[in-house]
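Analysis of the macromolecular model
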Amino acid sequence: MNHNISPPKIIIGSGGTGGHIYPGIAIANELKKKIPKIEILFIGSKNHMEMREIPKWGFSIEKIWISGGKNKFFSLSGFILSIQLIYSLFLANKIMKKFSPNIVIGTGGFVSFPTLYAAKKNKIPILIQEQNSFPGLTNRIFSRYANKICIAYEQAKKYFPKKKTIITGNPVRSEILHLPSKEKACIHLGLNIKKPIILSIGGSQGSNSMNNAWIKGLKRIIELDMQLIWQVGKLDFYKIKKNKMSHHSNIFFMEFIENIPVCYAAADIIVSRAGALTISEICLIGKPYILIPFPWSSNDHQNQNAKILEEKKAALIIKNEEIEKKLVNSVIKLVNDSSMKKKMSKNLLKLGKPKATNDIVNEILQIIL
């Protein structure tokens, strides 16, 4: 078969957290839509959520053996990390040679490092997708070798070579652009459309400090007849399950939200960490928004992401250390302030980039076709 007419092959290095995984999935889905016969392979880290999530979308994934870690290189865990990295570079190189892709896409995070390194070594074109306003280390390192860098925020531009960098926004799954009606979503979730609905997302791992703030405030939420869709994460799930109030008919708690578009459609107010992908999704949805930046995110990127929304008056920010004191009061205040909600929605929608996924895929196709 002539190579020119065989379907393109693409490798996506994507993993660690939902913020790196779901952009990869969004790009893969859009590529599949444009070229149904395209071959897509993901590279992820074993024991991380990508090994579970990516196959759900019908994509193949090969595993390498690497864990994230910062400032650990002079400890025992640093030594283990170094061995993992060497072995992962070997595995990524082996996968690269066997699959022989036309392009490699990195969505950031530690999993991307061996994948992009193997692409560079094998002289395969690279496209980098950076979600945050302050880019991660892997993307900064490999930007000099990339053919194209697609960024979400103007603020990230200064960290990358000018000529190769383009602002596209973050790729989001097409379901986010086509949400069901609020009525349909409420019926699906068993919610009462007449009562206020709060959606709380603590990132793909859940958030201990957000959970503690909700536990303290459950009594008031129930008294005020508000409904709470609450993603609690794996670690706190059993603690919350034991709490009697969490079983009230107005409280819907779950370890992980599988069907986030339906929850977005039902919600009146969204409370979340300041992960770049969640922010991009909410800018497209335009629902009133309370942000709690994770203070220990690498390079403090969540705080930097949140500041952009705060400057545009598109979200309320609560500091992590003030969460127990302020969260429930801020939610109640926002529920009852319709002009604030309208203003926030309007400002969020101005920041949305609905064509981001399509624009990134067009850049990929320009490189390989």
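Going by the structure above, here's the rest.
Now for a quick tour of the structure. Just so you know, these numbers come straight off a predicted model, no measurement behind them.

1. Side note on the nonpolar core
The biggest cluster of nonpolar side chains holds 61 residues, and the ones touching the most others in it are I10, L31, L199 and I364. In this view, L199 contacts I229, I257, I260, C263, Y264, A267, I269, I270 and V271; residues no more than four positions away in its chain are not counted. In this structure, L218, V232, I240 and I332 belong to the second largest nonpolar core, which totals 28 residues.

2. Looking at the sheet that holds strand β1 (residues 9-13)
A sheet is described by the order of its strands in space; here seven strands give the open sequence β3-β2-β1-β4-β5-β6-β7, paired in parallel fashion. Among the strands making up the open sheet, the edge pair consists of β3 (60-64) and β7 (165-167). Put simply, the sheet's adjacent strands are angled 20° from each other on average, direction ignored. Bridge analysis of strand β6 (residues 148-151) against β7 gives three bridges, and the strand direction is parallel. Residue pairing across strands places I151 opposite I167, the latter belonging to β7. Sheet strands in contact with helix α4 (residues 112-121) are β1, β2 (39-45), β3, β4 (103-106) and β5 (126-130), and its direction is about 155° off that of β4. Set on the sheet, helix α15 (residues 356-368) makes contact with β1, β4, β5, β6 and β7; between it and β5 the angle comes to about 170°.

3. Some details on the environment of M254
With respect to the helices and strands, M254 occurs in strand β10 (residues 251-254). Assessed through its relative accessible area of 25%, M254 is described here as partly exposed. Those residues in contact with M254 that lie beyond four places of it in its chain are I229, W230, Q231, V232, G233 and F237.

4. Points about the environment of I105
Looking at the secondary structure, you find I105 in strand β4. Classification of I105 as buried rests on a relative accessible area of 0%. Separated by 14 residues in sequence, I105 and A119 have C-alpha atoms that sit 9.3 Å apart. For I105, the residues in contact, after removing those within four places along its chain, are I10, I11, I12, G13, I27, L31, L127 and I364.

Calculation rules
The written sequence of each chain sets the order in which its residues are numbered from 1. Per-residue local features of the predicted model are confined to residues with pLDDT of at least 70, and side-chain atom pairs are confined, for both listing and counting, to 80 or more; whole-chain, interface and lining totals are unaffected and use all residues. As a rule here, side-chain values cover all heavy atoms of the structure and leave hydrogens and water aside. Think of a nonpolar core as a cluster: buried Ala, Val, Leu, Ile, Met, Phe, Trp, Tyr and Cys residues, connected wherever their side-chain atoms sit within 4.5 Å. Exposure classes here rest on a 1.4 Å probe applied to the protein chains alone. A residue is buried below 20% of its type maximum, exposed above 50%, and partly exposed in between. Contacts are assigned to residue pairs that have any heavy atoms within 4.5 Å of one another. Pairing between strands is defined by DSSP: at least two bridges between them are needed. Working definition: helices are DSSP H or I runs of at least four residues, strands are E runs of at least two. Numbering for both runs from the N terminus. Axis geometry follows a simple rule: fit a line to the C-alpha atoms, using only the stretch in contact for helices, then measure angles between N-to-C directions, giving values from 0 to 180 degrees.

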